[in-house]
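Each chain is listed here by its residues.
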Amino acid sequence: MQTILDFYARTHTPYLHALGRAGTGYLLQQMAPKPGSRLLEIGFGTGQTMLELTCRYNGVEVFGLEKSAEMLRVAQKRFAFSGVSADRLQEMPASLHFPFPSNFFEAVYCESVLAILTDADLAKMWQEIGRVLRPGGYFFLNESVWREGVSMARMAEINQQCIEAFGIPQATVTWPYPSDWKHLAEEQGFEMLRCISMEGIRARLPFQMDSRLFRSHIFSLAGKSSMLFSVSLWKKQKLLRRLFQQFATKEPYLEGVFFWCRKKD
Ligand SMILES: C[S@@+](CC[C@H](N)C(=O)[O-])C[C@H]1O[C@@H](n2cnc3c(N)ncnc32)[C@H](O)[C@@H]1O
């Protein structure tokens, strides 16, 4: 089944999460990885955040796992176009067993991935993240979750509409609110160091003179401009715009939240 994510892959769209580029700026600012550290991104989409980290932090090794073969292919193309090795980009195994040894990473992060998983996948994902992180290692998430006060019935209704319109749900109803994610993290052997709404955050990803980042930007623009030459993509974009407008007229029901968790020793 085609989803909105296939459209974003075909148009090389980066920063598909709360606050977009600024959200990634905030993540990098909080993560501030030290040289020699190993990082893992879950669900890297078209690969922009992995590329940002690789280009902005010398000596950092960034690995990534992505479920969609189409996203993986586009991210590999982005890396090749930007002159960066794509060797650390891999497809997520169907078993969700990460192909890395235990205690391998200093930090794991994801941007708008975990909240759209099924309950079974969400639980398995936390277990695997806990396994591959070293004790005391950090897990950062930028996830869009339900605002406190949105009823279960309303969540179910919106998820159903989103599945019909976009092919994916909006957010999990099992762990709906930010406070639930705190419990979820604790159940999985983490302590929650920070849980903050992205709405109050003023962050940016500063300009950096780097030809690889410049080429990656060109790659994103090339994907976007492909809509000018493809009738089917152009039609799809028009349809999505109309659907977004329908959803935007309703009360805001989601909130981007930044979670910073630490694996207990
Ligand atoms: C909303 S997009 C966000 C992409 C990227 N993180 C970004 O912010 O631009 C969600 C991504 O998660 C990926 N994804 C969904 N389920 C996954 C899973 N079980 N394992 C790895 N990636 C997954 C999707 O294929 C998609 O690329």
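For the structure itself, look to the data block above.
Quick caveat, the model's predicted, so the values are computed rather than measured.

(A) Inspection of the site of the ligand at higher detail. As a matter of local geometry, the ligand sits amid 20 residues, with Leu-16, His-17, Gly-43, Glu-66 and Glu-111 nearest to it. Taking Leu-16, its main chain carries an N or O atom lying 2.9 Å from an oxygen atom of the ligand. The backbone of Lys-67 places a nitrogen or oxygen atom 3.2 Å from a nitrogen atom of the ligand. Look at the ligand: alone it shows 590 Å² of surface, and the protein chains cover 93% of it. Classifying every residue of the shell around the ligand by side-chain character gives eleven nonpolar, five polar and four charged.

(B) Broad picture of the pattern of salt bridges. Within the structure shown, the criterion is met by ten salt bridges. With a closest N to O distance of 2.9 Å, Arg-131 and Glu-128 form a salt bridge. With Arg-131 and Glu-128 both in helix H5 (residues 119–132), this residue pair falls three residues apart, about one helical turn. Between Glu-157 and Arg-154 there is a salt bridge; the shortest N-O distance is 2.6 Å. Of this pair, Glu-157 and Arg-154 both sit in helix H6 (residues 152–166), three residues apart, which is roughly one turn of the helix. Taking relative accessible area as the criterion, Glu-157 reaches 39% and is therefore assigned partly exposed. Judged by its relative accessible area of 27%, Arg-154 is partly exposed. Through salt bridges with shared partners, a single network forms among Arg-21, Glu-52 and Arg-56.

(C) Highlighting the side chain of Thr-13. Tracing the sequence through the fold places Thr-13 in the loop between helix H1 (4–10) and helix H2 (20–31). Here the side chain of Thr-13 touches Thr-11 through a polar contact of 2.9 Å, side chain to side chain. Once residues lying within four places of it in the same chain are set aside, the contact partners of Thr-13 are Tyr-8 and Thr-46.

(D) Fine view of the sheet that holds strand E6 (residues 190–197). Across the sheet, which stays open at both edges, the seven strands sit in the order E3-E2-E1-E4-E5-E7-E6 with mixed pairing between neighbours. The sheet terminates laterally at strand E3 (89–91) and E6, the two strands that pair on one side only. Averaged over all pairs of adjacent strands, the angle between strand axes in this sheet comes to 20°, irrespective of strand direction. Packing of H2 onto the sheet brings it into contact with strand E1 (38–42), strand E4 (105–111), strand E5 (133–146), E6 and strand E7 (254–263), and relative to E4 it is tilted by some 165°.

(E) Representation of the packing of helix H4 (residues 69–82) against helix H8 (residues 211–225). Closest axis-to-axis distance for the H4/H8 pair is 8 Å, and the angle between their directions is 135°. Taken as axis vectors, H4 and H8 run oblique relative to one another. The two elements H4 and H8 cross, and the hand of that crossing is right-handed. Contacts between H4 and H8 involve Val-74, Lys-77, Arg-78, Phe-81 and Ser-82 from the first element and Arg-212, Arg-215, Ser-216, Ile-218, Phe-219 and Ser-220 from the second. Looking at the contact of H4 with H8 residue by residue, the class counts come to four nonpolar, three polar and four charged.

(F) Region of interest: the pairing of E1. For E1, the buried fraction is high: four of the five residues fall into the buried class. Following the chain from E1 across helix H3 (residues 48–56) to the adjacent parallel strand E2 (residues 61–66), one finds a crossover that is right-handed.

(G) Looking closely at H6. Between the first and last C-alpha of H6 there are 20 Å, a value that for 15 residues agrees with the 21 Å anticipated at 1.5 Å per step. For H6, the full list of buried residues reads Met-155, Ile-158, Asn-159, Cys-162 and Phe-166. The buried residues of H6 occupy one face: seen down the axis, they fall within an arc of 105°. Of the residues in H6, the exposed ones pointing more than 90 degrees away from the buried face are Ala-153 and Glu-164. Considering only its buried residues, H6 is in contact with H1, E5 and helix H9 (231–248). One or two positions beyond H6, positive phi appears at Gly-167, with a value near 85°.

Rules of the game
- Residues numbered from 1 in each chain as written.
- Predicted model: local features only at pLDDT ≥ 70, side-chain atom pairs only at ≥ 80, totals over all residues.
- Heavy atoms only, no water.
- Near = heavy atom within 4 Å.
- Polar contact = N/O pair within 3.5 Å; in protein donor to acceptor, adjacent residues only side chain to side chain.
- Areas by Shrake-Rupley, 256 points an atom, 1.4 Å probe, with all protein chains shown as cover.
- Nonpolar A, V, L, I, M, F, W, Y, C, P; charged D, E, K, R; others polar.
- Salt bridge = Lys/Arg side-chain N within 4 Å of Asp/Glu carboxyl O.
- Helix = DSSP H or I, 4+ residues; strand = E, 2+ residues; numbered from the N terminus.
- Buried < 20%, exposed > 50% of the residue type's maximum accessible area, 1.4 Å probe, protein only.
- Contact = heavy atoms within 4.5 Å.
- Pairing = 2+ DSSP bridges.
- Axes fitted to C-alpha atoms, helices over the stretch in contact; angles between N-to-C directions.
- Parallel < 35°, antiparallel > 145°, perpendicular 65-115°, else oblique.
- Left-handed = near helix turned anticlockwise from the far one by under 90°.
- Right-handed = clockwise from strand over helix to strand, strands pointing away.
- Expected span 1.5 Å × (residues − 1).
- Arc of directions from axis to C-beta.

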